[in-house]
Amino acid sequence: MTDPSELRHEMVERQLKARGIGDPHVLAAMGEVPRERFVPEPMREFAYEDGPLPIGEAQTISQPYIVALMIEAAGIEPGACVLEVGAGSGYAAAVIGRIAGRVFAIERHPALAAEAARRMADLGYGNVTVIAGDGSVGLPAEAPFDAIVVAAGGDKVPEPLKRQLAIGARLVVPVGGEALQSLLCVTRTGEEEWSEADLGAVRFVPLIGAFGRNGGRWEDGERAASNHRPARELTLAECIAEAAEPLPEIDDPAFADPFERFADRRIVLLGEASHGTHEFYQARAAITRRLVERHGFTIVAVEADWPDAMAIDRYIRQEPFRPTRHPPFERFPTWMWRNTEIDRLIHALRAINEGREPERMVGFHGLDIYNMAGSIEAVLAYLDEHDAEAARVARARYGCLTPWQADPATYGRAALTRGYAECEEAAVAECRELLDRALREDGGMFGAAMNARLIASAEKYYRVMYYGGAESWNLRDSHMAETLEHLLEHGGPEAKALVWAHNSHIGDARATEMGQVRGEHNIGQLVRERWGEQAALIGFGTHTGTVTAADDWDSPRKVKRVLPGRADSYERQCHDSGVARFLLDLTPGRHEALRRRLAEPRLERFIGVIYRPETERWSHYSTCVLPEQFDAFVWFDETRALEPLGPPEPRSGLPETYPFGL
Ligand code: SAM
């Protein structure tokens, strides 16, 4: 960025002097206050452009020319006592403070007020006091004022502000319709007399308050004035509550509405903080249905084995039943896909596809082309027969396939065994054979060349899978990201995808211990690197309730109680916000103050198919930077266990009961 003082000088010359601003105090103050310090970080390079800029909370910092025009029109003189209503970023108040003796600036958004107050303190502007509250009622305790400047538009001049002017003082205020207002300069000429001049058309954000748009009742005004508070640093939980957009019940048709803001992205990734929470599935299904139904998403790609998902895909595309050796999703952890919510979603997607041309139909795909659950099952079956100790280690190891499910005992146990190495060749051969068969059954979505490449790289994966750690994690996530890319390529330039996977796969690994300490990457990171802002990474979280999970890999599923979020976690901050269900939009520029506060690393909870509350801190929490990990975060304070479907019926009942054989 060019030297800000040079840009500031240019702004004063070109945008202000050239347009007729002549007051030397105003020009000097505008040449002094660093506007770049009043805009969100990503906007800094535009700080001296000739226009307003977003500052979060759907508000703006005004165009420099308008700020100068209003201050000049208000006739502010050195030593004056001035009220500003609509402090926003605090920029105009800071400029006024360079001229006046004392400035009171009121802002209705507590988070913006707190930010503005912090800026005044950082810049040493001690004569500016920022107050959080409704400024349409003025500040009776400090009146009369030598000038009042209002930076938001109402439908009439707020009566209390007129009355808080000293005789001879001026009030500059936009008044008119919602789209366009006239900038009025009101001068108090006597105890009960005011004159008015129109400075021209302007467009401001609305003045919201007791004497703002559609207001005007004195009793409301008194209540509002008694609610004025000096701007103070909000707690993190209060900042979350301010920015949180409360969500309706998930089965309310309006639930998916706020997620339509992501409808123009090519890839929307939907996470989950556990593999067994009903609300995460139900919410993702509602969002998926909406984006598929109305916004042209035709790929649903999930963290599941490719061959199993293929059976579902055929069902929702209304293709004829093709027998496979196993019904889909019959292996541990069965509940991840054989559950009531997925069953409902599959039928909804099939109904959406009815009557659609094949190329416009939505498909359902597994990102794990390596056939992960299938290959783990094959390895376990082999080891059970040939080396019981290695099988035990493998079961514990697979519990650690997500990086946070470390069981401190596992590594010790690994050292006891004679080693997997003796069985490795045979186990890998089993996996290879299994994958080969699955690909033959699948009907050749990717063609023979792709399958050959897949088998070669899968072999590498099978070799490191047993040993766990960064290499196997990275191979798997690279592969899932590549599968997604192939699916998008296959769908053509217009294709749009929804991805369902755990937060650990979807939240950018660079913002977590995974990337920073363990050298692991994930789908979220790879997709961001490849697709940038065309992808939206959406995380999901919860405080407490129940979850469907197991004690160990391959052991029976249970309904387990989820411990309340730890005091040092993001979960606890979300819980303390007091909002039961919400969407937090973390897109840069939207809630900058909150993003900055959230950027201080904290613990975040990751529950996979295994949940070990006894060692929860070490098994399930990891340090993260939430606003860098996700573009949005969805919160359900209390959640319940996912409901699995019963075991599959004998195969003879198919295909009427296809795809889950129920
Ligand atoms: N002067 C600001 C600056 O330099 O950044 C520009 C502020 S913006 C155009 C208008 C601000 O007025 C918004 O931040 C909005 O929240 C605030 N606002 C609207 N109604 C208000 C009210 N009744 N009291 C205080 N602030 C209000």
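The shown structure was predicted, so the numbers you read here are calculated from the model rather than taken from an experiment. Along every chain, residues carry numbers that run from 1 in the direction the sequence is written. With the structure being a predicted model, the display of local features is reserved for residues of pLDDT at least 70 and the display and counting of side-chain atom pairs for 80 or more, all residues being used for whole-chain, interface and lining totals. Values reported for side chains reflect all heavy atoms of the structure, with hydrogen atoms and water molecules removed beforehand.

*Asks:* Lay out the overall build of the chain in plain terms, naming residues and giving numbers.
*Replies:* Put simply, DSSP H or I for four residues or longer makes a helix, DSSP E for two residues or longer makes a strand, and each gets a number counted from the N terminus. A tally of regular secondary structure across the chain gives 24 helices and 21 strands. Here's how the labels work: a residue is buried when its accessible area is under 20% of the maximum for its type, exposed when over 50%, partly exposed in between, all with a 1.4 Å probe on protein chains only. Here the chain, with 662 residues, has 59% of them falling under the buried criterion. Contacts in the chain between residues far apart in sequence, at least 24 positions, make up 71% of those at least 6 positions apart. Note on areas: these come from Shrake-Rupley sampling with a 1.4 Å probe, and a residue is covered only by the protein chains present in the view. Of the accessible surface of the chain, which amounts to about 25800 Å², a share of 50% is contributed by carbon and sulfur atoms. Residues are treated as being in contact if the distance between any of their heavy atoms lies within 4.5 Å.

*Asks:* Outline the nonpolar core, listing residues and values.
*Replies:* Membership of the largest hydrophobic core comes to 58 residues, with the highest contact counts inside it found for Met 30, Ile 76 and Tyr 91. Take this core: its biggest share by element is eight residues, from helix 3 (residues 64-73). Those residues in contact with Tyr 91, other than ones at most four positions away along the chain, are Met 11, Met 30, Val 33, Arg 35, Phe 38, Ile 61 and Val 67. Working definition of a nonpolar core: buried Ala, Val, Leu, Ile, Met, Phe, Trp, Tyr and Cys residues. They are joined through side-chain atoms within 4.5 Å. One finds Ile 250, Ile 316, Trp 337 and Val 362 within the second-largest nonpolar core, a separate group that totals 53 residues.

*Asks:* Can you tell me about the packing of aromatic side chains, naming the residues and giving the values?
*Replies:* Think of it this way: a Phe, Tyr or Trp ring, Trp meaning its six-membered ring, pairs with another when their centres are within 6.5 Å, and the plane angle makes it stacked under 30 degrees, edge-to-face over 60, tilted otherwise. Enumeration according to the criterion identifies 15 aromatic pairs in this entry. Taken together, a centroid distance of 6.1 Å and an interplanar angle of 75° make the contact between Phe 280 and Phe 540 edge-to-face. With Phe 280 in helix 9 (residues 278-295) and Phe 540 in strand 16 (residues 535-550), the pair connects residues that are 260 residues apart, well separated along the chain. With respect to burial, Phe 280 and Phe 540 carry one shared label: buried. Taking the centre distance of 6.3 Å and the plane angle of 25° together, the rings of Phe 582 and Trp 635 count as stacked. Of the two residues, Phe 582 sits in strand 18 (residues 581-585) while Trp 635 sits in strand 21 (residues 632-639), which places them 53 residues apart along the sequence. Using a relative accessible area of 0% as the deciding quantity, one classes Phe 582 as buried. Counted as over-ring charges are cases with an Arg CZ or a Lys NZ within 6 Å of the ring centre that also lie within 35 degrees of the ring normal. Positioned above the aromatic ring of Tyr 621 is the side chain of Arg 566, whose terminal nitrogen or guanidinium carbon lies 5.9 Å from the ring centre. Between Arg 617 and the ring centre of Trp 618, over which it is positioned, the NZ or CZ distance is 4.1 Å.

*Asks:* Can you tell me about the pairing of strand 12 (residues 267-270), naming the residues and giving the values?
*Replies:* Neither face of strand 12 is left uncovered, since the one carrying Ile 267 and Leu 269 and the one carrying Val 268 and Leu 270 both have all their residues buried. Bridge analysis of strand 12 against strand 15 (residues 497-500) gives four bridges, and the strand direction is parallel. Across the sheet, residue Leu 269 finds its bridge partner in strand 15, namely Val 499. Pairing geometry for strand 12 and strand 16, over four bridges, is parallel. Bridge pairing in strand 16 links Leu 270 to Ile 538. For two strands to count as paired, DSSP must find a minimum of two bridges between them.

*Asks:* Please provide a residue-by-residue account of the site of the ligand, values included.
*Replies:* Distances are taken per atom, and a residue is near a molecule or strand as soon as one of its heavy atoms is within 4 Å of it. The local shell around the ligand holds 26 residues, among which Ser 89, Glu 107, Asp 134, Gly 135 and Ile 208 are the closest. Throughout this description, a polar contact denotes any pair of N or O atoms lying within 3.5 Å of each other; where both atoms belong to protein, one of them has to be capable of donating a hydrogen while the other can accept it, and for residues adjacent in sequence the pair is counted only when both atoms sit in side chains. Ala 92 has a polar backbone atom sitting 3.1 Å from an oxygen atom of the ligand. Contacts to the ligand include Gly 135, whose backbone N or O atom sits 2.8 Å from a nitrogen atom. Calculation on the ligand without its partners gives an accessible area of 600 Å², and the protein chains cover 99% of this total. Elements with a minimum of two residues in the shell around the ligand: strand 2 (59-61), helix 4 (91-99) and strand 4 (102-107). With three residues, strand 2 is the single largest residue contributor to the shell around the ligand.

*Asks:* Lay out the confidence of the model for the chain with the relevant residues and their values.
*Replies:* The pLDDT score gives, residue by residue, the confidence of the prediction method on a 0 to 100 scale. Taken over all residues, the pLDDT of the chain has a mean of 87, while the share at 70 or more is 86%. In the model, residues 400-418 has pLDDT below 50 throughout and makes 51 contacts with residues more than four positions away in sequence or in other chains. Under a pLDDT of 50 for its full length, residues 649-657 has, in the predicted model, 10 contacts with residues more than four places off or in other chains.

*Asks:* Summarise the sheet that holds strand 9 (residues 193-202); cite the residues concerned and give the values.
*Replies:* Here eight strands make up an open sheet; going across it, the order is 9-8-7-6-3-4-5-10 and the pairing mixed. Of all strands in the sheet, those with a lone pairing partner are strand 9 and strand 10 (229-230), marking the two edges. With five bridges joining them, strand 3 (residues 81-85) and strand 4 adopt parallel strand pairing. Note that in strand 4 the partner of Glu 84 across the bridge is Ala 105.

*Asks:* I'd like to hear about the packing of helix 1 (residues 4-16) against helix 2 (residues 24-32), residue by residue, with values.
*Replies:* Interaxial distance between helix 1 and helix 2 falls to 8 Å at its minimum, and their mutual angle equals 140°. Between helix 1 and helix 2, the crossing angle belongs to the class labelled oblique. Crossing hand, helix 1 versus helix 2: right-handed. Contacts between helix 1 and helix 2 involve Arg 8, Met 11, Val 12 and Leu 16 from the former and Leu 27, Met 30, Gly 31 and Glu 32 from the latter. Only Asp, Glu, Lys and Arg are considered charged in this grouping, and only Ala, Val, Leu, Ile, Met, Phe, Trp, Tyr, Cys and Pro are considered nonpolar; every other residue, Gly among them, is considered polar. Each residue belonging to the contact of helix 1 with helix 2 can be placed in one class, and the counts come to five nonpolar, one polar and two charged. What counts as an axis is a line fitted to C-alpha atoms, over the stretch in contact for a helix, and the angles between N-to-C directions run from 0 to 180 degrees. Our angle categories are set so that under 35 degrees counts as roughly parallel, over 145 as roughly antiparallel, 65 to 115 as roughly perpendicular, and the remainder as oblique. Each crossing gets its handedness from the near helix: less than a right angle anticlockwise from the far helix is left-handed, clockwise is right-handed.

*Asks:* Describe the environment of Phe 255, with residues and values.
*Replies:* Counting through the fold element by element, Phe 255 comes out in the loop between strand 11 (245-246) and strand 12. The buried category is assigned to Phe 255, whose relative accessible area is 1%. For the pair Phe 255 and Ile 287, spaced 32 residues apart in sequence, the C-alpha separation works out to 8.0 Å. With sequence-adjacent residues up to four places away left out, Phe 255 is seen in contact with Leu 247, Pro 248, Glu 249, Ile 250, Ala 283, Ala 286, Ile 287 and Phe 636.

*Asks:* Please set out the pairing of strand 9 residue by residue, giving values where relevant.
*Replies:* The sheet contact formed by strand 8 (residues 181-190) and strand 9 spans eight bridges and is antiparallel. Looking across to strand 9, one finds that Cys 185 is bridged to Ala 197. Turn length for the strand 8-strand 9 hairpin, with the two strands adjacent in sequence and antiparallel, is two residues.

*Asks:* Which residues make up the pattern of salt bridges, and what values go with them?
*Replies:* Two side chains that carry opposite charge are able to pair once their charged atoms sit near each other. By definition here, a salt bridge exists when the distance from a side-chain nitrogen of Lys or Arg to a carboxyl oxygen of Asp or Glu is within 4 Å. Overall, the coordinates contain 44 salt bridges when judged by the stated rule. The closest approach of N and O atoms between Glu 159 and Arg 163, which form a salt bridge, is 3.5 Å. Linking Glu 159 with Arg 163, this pair stays in helix 6 (residues 159-163), spanning four residues, or about one helical turn. On the basis of relative accessibility, which here comes to 25%, the residue Glu 159 falls in the partly exposed class.

*Asks:* Outline the environment of Asp 305, listing residues and values.
*Replies:* Topologically, Asp 305 is positioned in strand 13 (residues 299-305). In the structure, Asp 305 is positioned 63 residues away from Asp 368 in sequence and 4.7 Å away in space, judged by C-alpha atoms.

*Asks:* An account of the side chain of Gln 63 is needed here, citing residue identities and associated values.
*Replies:* With respect to the secondary-structure elements, Gln 63 resides in the loop between strand 2 and helix 3. Once residues within four sequence positions are removed from consideration, Gln 63 is found in contact with Arg 19, Arg 35, Asp 50, Gly 51 and Pro 52.

*Asks:* Provide a residue-level description of unusual backbone geometry, including the pertinent values.
*Replies:* The linkage connecting Ala 143 with the following residue, Pro 144, adopts the cis geometry, with an omega of 0°. Notably, Asn 214 is not glycine yet its phi reads approximately 65°, a positive angle. Note that Asn 214 resides in the loop between strand 9 and helix 7 (218-226). In this structure Asn 214 comes out as exposed when scored by relative accessible area, which is 67%.

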